Amino acid sequence: MHTSDSGPDFDTPVDRRGTWCTQWDYIEDRFGAPDLLPFTISDMDFETAPPVLEALRGRLDHGVLGYSRWRHEDFLSAVTHWFATRYGTETDPEQVVYAPSVIYQISQLVRLWSRPGDGVVVHTPSYDAFAKLLAAHGRELRGCPLRRDAAGQWAYDTDELEALLARPDTSILLLCSPHNPTGRVWTEDELTRMAELCARHGVAVISDEIHADLTRDPYRHLPWSRFGAVQEQAARERGGAARWAVVTSASKAFNIPALTGSYGLIGDDESRDAYLRQLKEADGLSSPAVLSIVGHIAAYRRGAPWLDALRGYLDGNLRMVADRLNSAFPQLNVGLPEAGYLAWIDLRPLGADDAELQRLLIEREKVAIMPGTTYGPDGAGFVRLNVGCPRGKAEAGADALVRALTTLTGGA
């Protein structure tokens with residue numbers, strides 16, 4: 001990472017071609033054409049934080065890469081330190097679990113807390129891996145649509161949500177917090193209401209919080225571990241019990257997904273013991289990727305200044321995209337996501353045909369931008385543009401999208 005007296009240099013491109021990079025080297029797999037400029041899956045084109053690279057180099061210099069452990073003070077205290085300093089939330093280290101990925105954790109918890117044929121409630125549009133995972137396990141995704149309210153904010157209808165949770169074969173609320181792809185950061189009132197409804201109807205909660213470290217000011221992420229207590233209290237008042245989990249990783253914010261590691265919090269002892277037994281005995285995954293453990297510790301102990309600089313840079317990218325689109329098409333009224341580096345752009349006011357737009361982007365503009373339908377039927381008429389990249393690349397993506405839309409709407 002290039003740095004100066006003013007902080008990290010996010011403007012200088014890093015060439016990722018030829019590194020077995022999913023976003024750059026395998027773009028043809030999804031878009032049917034090679035050599036496109038990609039704005040696709042949610043990793044970034046930036047080097048990770050210098051303290052993380054320093055720690056990784058130090059561990060490699062040791063030279064021995066044998067079996068390792070995750071349940072030790074260095075890792076657990078780094079996690080509790082992060083939750084305390086970033087979110088103002090005290091965390092019980094006994095609740096912490098490890099996993100090779102967030103999706104692995106969700107998969108395990110879905111198997112633990114539901115049966116084939118059960119319903120799992122998800123706010124839609126939704127991260128595409130959720131639908132694939134649930135289908136593979138024979139669970140039914142029950143979508144609770146997000147719609148823009150009068151203020152332009154993405155919101156769910158409480159009555160719709162409760163109706164889905166109240167169905168007798170609904171077992172789990174799979175919450176994305178902050179939400180992908182809309183970038184919505186849930187408020188305390190919304191999360192409290194979800195906790196109370198899940199307790200009322202005996203529904204477990206899995207909260208995927210992998211985008212939590214990338215909120216934009218003034219929005220503030222609130223971990224579900226706070227609301228697990230609300231859920232538990234409401235359940236006790238009804239003579240029942242509550243099950244909840246947080247699943248997360250430093251991989252999104254610090255751009256280290258290739259280190260293959262994540263962690264979570266599981267609220268009740270029985271579920272946590274069952275999860276860890278499956279991890280160790282059935283799946284043989286209790287020895288972690290040691291570089292992931294090293295990376296997490298360094299990120300959480302020394303990476304905060306870099307992360308804050310990154311958040312400011314990403315905010316500039318998102319504002320640039322919104323400004324260029326709104327300048328060309330004021331009727332779009334493109335807003336900024338409350339978290340993340342994924343611009344979720346509503347193109348429905350233009351009446352543009354999704355398939356034709358993709359054709360123009362790929363064949364004429366030579367860019368790859370995710371179609372909204374990737375995230376389910378509620379994504380029709382949208383695109384998701386990844387701006388986790390140097391400003392020049394983000395500008396090229398925004399300009400390509402404007403040119404393609406101009407052609408579709410008769411301006412060229």
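Residues numbered from 1 in each chain as written. Predicted model: local features only at pLDDT ≥ 70, side-chain atom pairs only at ≥ 80, totals over all residues. Heavy atoms only, no water.

Draft legend 1. Quick look at the overall build of the protein chain. Across its full length, the protein chain holds 14 helices and 14 strands. Scaling as 2.2 N^0.38, a compact globule of 412 residues should have a C-alpha radius of gyration of about 22 Å, and the protein chain matches this with 21 Å. Summarising its shape, the C-alpha atoms of the protein chain cover approximately 65 × 55 × 35 Å along the three principal directions. Looking at the 412 residues of the protein chain, the share that counts as buried comes to 56%. Of the contacts formed within the protein chain by residues at least 6 apart in sequence, a portion of 74% connects residues at least 24 apart. Accessible surface, the protein chain: about 17300 Å² in total, of which carbon and sulfur atoms supply 48%. Once the 42 positive and 56 negative side-chain charges of the protein chain are each reduced to a mean point, those two points are 2 Å apart. (Helix = DSSP H or I, 4+ residues; strand = E, 2+ residues; numbered from the N terminus. Rg over C-alpha atoms; globule rule 2.2 N^0.38 Å. Buried < 20%, exposed > 50% of the residue type's maximum accessible area, 1.4 Å probe, protein only. Contact = heavy atoms within 4.5 Å. Areas by Shrake-Rupley, 256 points an atom, 1.4 Å probe, with all protein chains shown as cover. Lys, Arg positive; Asp, Glu negative; His and termini not counted. Charge placed at Lys NZ, Arg CZ, Asp CG, Glu CD.)

Draft legend 2. Highlighting the nonpolar core. In terms of nonpolar packing, the biggest core is built from 126 residues, with Leu173, Trp224, Phe254 and Ile345 touching the most fellow members. Setting aside residues no more than four positions away along its own chain, Trp224 makes contact with Leu175, Leu191, Met194, Ala195, Val205, Ser207, Glu209, Gln231, Trp244 and Val246. (Core = buried A, V, L, I, M, F, W, Y, C linked by side-chain atoms within 4.5 Å.)

Draft legend 3. Representation of the sheet that holds strand S8 (residues 170-176). As summarised here, the arrangement of the eight strands in space is S4-S11-S10-S9-S8-S5-S6-S7, forming an open sheet in which the pairing is mixed. Of all the strands in the sheet, just strand S4 (96-99) and strand S7 (154-156) have a single pairing partner and so form its edges. Pairs of neighbouring strands in the sheet enclose a mean axial angle of 25°, with direction left out of account. Pairing analysis gives four bridges linking strand S9 (residues 204-208) to strand S10 (residues 244-248), with the strands arranged parallel. Looking at the pairing, Asp208 lines up with Val247 of S10. In the packing of helix H4 (residues 73-87) onto the sheet, the strands contacted are S4 and strand S11 (262-266), and the crossing angle to S11 comes to about 70°. (Pairing = 2+ DSSP bridges. Axes fitted to C-alpha atoms, helices over the stretch in contact; angles between N-to-C directions.)

Draft legend 4. Seen up close, helix H10 (residues 269-282). Its 14 residues give H10 an end-to-end C-alpha distance of 19 Å, which sits within 8% of 20 Å, the value for a rise of 1.5 Å per residue. Among the residues of H10, those classed as buried are Ser271, Arg272, Ala274, Tyr275, Leu276 and Leu279. Taken together, the buried residues of H10 touch S4, helix H5 (102-113) and S11. After H10 finishes, the residue Gly284 shows a positive phi value of roughly 60°. (Expected span 1.5 Å × (residues − 1).)

Draft legend 5. Seen up close, the pairing of S10. For S10, the tally of buried residues reaches five of five residues, placing the bulk of the element in the interior. What you see with S10 is no split at all: Trp244, Val246 and Thr248 on one side and Ala245 and Val247 on the other are buried throughout. In this region the chain leaves S9, passes through helix H9 (residues 224-237) and returns to the parallel neighbour S10; the handedness of that crossover is right-handed. Bridge analysis of S10 against S11 gives four bridges, and the strand direction is antiparallel. By the bridge assignment, Val247 is partnered in S11 with Gly264. (Right-handed = clockwise from strand over helix to strand, strands pointing away.)

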